[in-house]
Amino acid sequence: MLFSSFDSLKEKFISIFDKYFVANLCKIVLLSGVILYLASIFLFKDSNCSSYYELLESSNNNKSPQISHFISSNDTNPTNLNHIVFGLLGSEKAWHYRKNYIESWWKPKVTRGYLFLDVPPSGNLLPWSKNSPPYKVSKNITKLVQETHHVAPIMARMVHGIKEIFDQEHEGVRWLIMGDDDSIFFLENIVDVLGKYDHNKYYYFGGQSEYILSNFWFSFDQGFGGAGIIMSFPLAKALAEDIESCLRRYPFLNSADLITMTCIVDLGANFSPLKGLHQFDLRGDISGLLSSHPKAPLMSLHHFDATSPIFPSMDRIQSTKHLMRAANYDQSRMLQQTICHHRSSNWTFSVSWGYSVHIYEKIMPRSHLIKPIQTFSAWVAKPENPPYYMFNTRSSVKDSCETPHLFFLKSIGETWNRNEIMATYSRSAVRRLPGCPIGGNHPANYVNKIQVYSRRTKRTEMDRCECCDIIHTTGSNKAQLKLRECLTNEKIA
Ligand SMILES: *[C@@H]1O[C@H](CO)[C@@H](O)[C@H](O)[C@H]1NC(C)=O
Ligand SMILES: *[C@@H]1O[C@H](CO)[C@@H](O)[C@H](O)[C@H]1NC(C)=O
């Protein structure tokens, strides 16, 4: 918002609009019988009231596994989930607990692909869970390993998995994604992002490590496997055909991701990082990074075993399921950062959709807040001096003006008229700091609940972030935020 004097007027307007206009409009539509109801679908095709139907349609589209298996690879239909095959690499031992991560996003009988295990499953893994990907046991490549004196047989097995998944499943496939048994994928966003690229060309997408030295030690030009390595069909095909020859050429390479990159580069393609794929080579509390996610659709998360649970009051598995609850409402906004200012208190709100809200007790510009607070630590013992990370960070030192009040997602649902999504965030802890003097000393300690409203419609154009308006009366323990498109020339500062 540009003019603080307009704040309260705007808030009043929004709340009146909200409570009475939209509510009554939808009430009339719903209660006025079948004819008016049906007519409204046509008459108000682009109004707020119809977005619910659009959403139902789009989620149904994802569940149509029938046709595309038989479509030739040069068809021009938009990319859907059926065009994508996953090869997940895991071990029998770890699967006992890691299956929870995969089952949080895998859609049984809809998502295509296999989990590759080192040995056949046993114990309480049998009978095999219907909610898990079907499994295969990796091919025995002992002969190849022995002949080449390969330095890392397990890594060779993982790389060979690319050929095994390709041989298994390539009919109508546009993209092949290799992941780990603890990779969490956001399928709708993956479909939307990949749909923008020509799958008939050679593409090698992935995520770099967040930790600078990991990239230095392995390669700045490789995708890290846990974030997901994405290959277009012709590249996956060429790689599958060349994989044994490549394993023979590089028996001295000791990392699966590095071998994969090396083989791909020898086929003439190069690595393109995507900002929504996350390896998460970090430890401890990663909430700082998740609260300032890059402005790109979230596609994957990884290493949840290595970090603290992402929600403070839950364990790792509960946290994963909780995050997925939000993702099931709207993946396009997932972790997208929206910032707005409450001028009469000099507060700044920063929302990471579906995850957290921060309140700062002074006005802060977006250019500052997109830098993650360094709540996390390095993957391995870090050198004495920076740089440590592949992005700029803000200090996590306690400071009344720089340290936010923290709120995490509590619940999410539709508003009663179903044209908006409402996410409720609750305070995770008392901040235990005095008020910020620069902001005029307006402590936000009494706020303990924040409701964030967003449209039900997907937001696929990512050229600009959203903006928001705040409804909050000084002294109230509740604040409401309404997400909207930014105005022309609107400054978030
Ligand atoms: C894998 O193959 C080698 C010979 O190439 C054999 O000695 C070994 O027993 C096999 N391993 C398994 C688990 O079948
Ligand atoms: C907000 O902060 C500015 C800059 O520090 C200050 O001049 C102004 O008085 C503050 N407003 C309130 C209501 O405290």
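Computed from a prediction, not measured in an experiment: that's the story for all the values here.

Conventions we followed
- Counting restarts for each chain, with residues numbered from 1 along the sequence as it is written.
- Ligands are numbered from 1 and chains lettered from A, in the order in which they are written.
- Totals for whole chains, interfaces and linings use all residues, but because this is a predicted model, local features are given only for residues with pLDDT of at least 70 and pairs of side-chain atoms are given and counted only at 80 or more.
- Heavy atoms throughout the structure, all of them, feed into the side-chain values; hydrogens and water do not.
- Under the pairing criterion, centres of Phe, Tyr and Trp rings, with the six-membered ring standing for Trp, must be within 6.5 Å; the plane angle then separates stacked pairs below 30 degrees from edge-to-face pairs above 60, leaving the rest tilted.
- Every helix listed is a DSSP run of H or I at least four residues long, and every strand listed is a run of E at least two residues long, numbered separately from the N terminus.
- We call a residue buried when its accessible area falls under 20% of the maximum for its residue type, exposed when it is over 50%, and partly exposed in between, using a 1.4 Å probe and counting protein chains only.
- Put simply, a charge is over a ring when the Lys NZ or the Arg CZ is close to the ring centre, within 6 Å, and near the line of the ring normal, within 35 degrees.
- Both site types are read off a 1 Å grid over the protein atoms alone. A 1.4 Å probe that fits but cannot get out defines a cavity, while an open set with protein on both sides within 12 Å along at least five of seven lines defines a pocket; lining residues have an atom within 4 Å of a point.
- Grid points are joined across faces, edges and corners, and a volume is the space filled by probe spheres set on the points.
- The classification used treats Ala, Val, Leu, Ile, Met, Phe, Trp, Tyr, Cys and Pro as nonpolar, Asp, Glu, Lys and Arg as charged, and all other residues, Gly among them, as polar.
- Near is defined per residue: the residue qualifies when any heavy atom it owns lies within 4 Å of the molecule or strand.
- Here the Shrake-Rupley method, with its probe set to 1.4 Å, supplies the accessible areas, and only the displayed protein chains count as covering residues.
- Throughout, nonpolar core names a set of buried Ala, Val, Leu, Ile, Met, Phe, Trp, Tyr and Cys residues whose side chains join them through atoms within 4.5 Å.
- By convention here, the domain bounds are inherited from an automatic or database domain assignment.
- Simply put, an axis is a line fit to the C-alpha atoms, just over the touching stretch for a helix, and the angle between two N-to-C directions goes from 0 to 180 degrees.
- For this classification, under 35 degrees means roughly parallel, over 145 means roughly antiparallel, 65 to 115 means roughly perpendicular, and everything else is oblique.
- We call a crossing left-handed when the near helix sits turned anticlockwise from the far one by less than a right angle, and right-handed when that turn is clockwise.
- The contact definition used throughout considers only heavy atoms, calling two residues in contact when any of these lie within 4.5 Å.

**Student:** How should the packing of aromatic side chains be read in this particular structure?
**Tutor:** One pass over the structure, following the stated rule, counts 27 aromatic pairs. Geometrically, the ring pair formed by Phe376 and Tyr389 is edge-to-face, given 5.1 Å between the ring centres and 90 degrees between the ring planes. Of this pair, Phe376 sits in strand β14 (residues 376–378) while Tyr389 sits in the loop between β14 and β15 (405–414), and the two are 13 residues apart along the sequence. In this structure, Phe376 and Tyr389 share a single accessibility class: buried. Within the aromatic cluster, the residues linked to one another by ring pairs are Phe86, Trp105, Trp106 and Phe185. Over the ring of Tyr114 we find Lys136; its NZ or CZ atom is 4.9 Å from the centre of that ring. A cation over an aromatic ring shows up here: Lys382 above the ring of Tyr388, its NZ or CZ 4.4 Å from the ring centre.

**Student:** Would you mind going over the layout of surface pockets with me for this structure?
**Tutor:** Remark: the empty space left among the atoms is shown by a probe the size of a water molecule rolled over them. The calculated volume of the largest pocket comes to roughly 860 Å³. For the lining of the largest pocket, the residue count by class is 17 nonpolar, 15 polar and nine charged.

**Student:** Please clarify how the site of ligand 2 should be interpreted in this entry.
**Tutor:** Around ligand 2 sit Ser344, Asn346, Ile438, Gly439, Gly440 and His442, and those are all the residues in its vicinity. Look at ligand 2: alone it shows 360 Å² of surface, and the protein chains cover 40% of it. A breakdown of the residues in the shell around ligand 2 according to their chemical character gives one nonpolar, five polar and no charged.

**Student:** Would you mind going over the nonpolar core with me for this structure?
**Tutor:** One recurring pattern in soluble globular proteins: nonpolar side chains tend to sit buried together. One finds Trp105, Phe349 and Ile450 to be the most contacted residues of the largest nonpolar core, which totals 75 residues. Looking at this core element by element, the count peaks at five residues for helix α7 (residues 187–194). Split by domain, this core shows at least three residues from each of two domains, domain 1 (76–273) and domain 2 (337–484). Counting residues in hydrophobic clusters, the runner-up holds 37 residues, among them Val145, Leu247, Tyr250 and Ala256.

**Student:** Even after reading the chapter, I still don't get empty space enclosed by the protein, so can you show me in this structure?
**Tutor:** Under the criterion given, the structure shown has two cavities of 30 Å³ or more. One number sums up the size of the largest cavity: a volume of about 100 Å³. As for the largest cavity, its lining consists of Lys295, Ser332, Arg333, Gln336, Gln337, Thr338, Arg459, Met462, Arg464, Cys465, Glu466 and Leu483. When its residues are assigned to classes, the lining of the largest cavity shows three nonpolar, four polar and five charged.

**Student:** Looking at this structure, I do not really get the packing of helix α4 (residues 92–103) against helix α12 (residues 316–329). What am I missing?
**Tutor:** For any two helices packed against each other, the geometry comes down to the angle between their axes and how far apart the axes lie. Direction vectors running N to C along α4 and α12 enclose 15 degrees, while the axes themselves pass 9 Å from each other. For the element pair α4 / α12, the angle class is roughly parallel. Relative to α12, α4 is oriented so that their crossing is left-handed. Contact residues: α4 offers Tyr97, Asn100 and Tyr101, while α12 offers Arg316, Ile317 and Thr320. Here the contact of α4 with α12 is built from residues that sort into three nonpolar, two polar and one charged.

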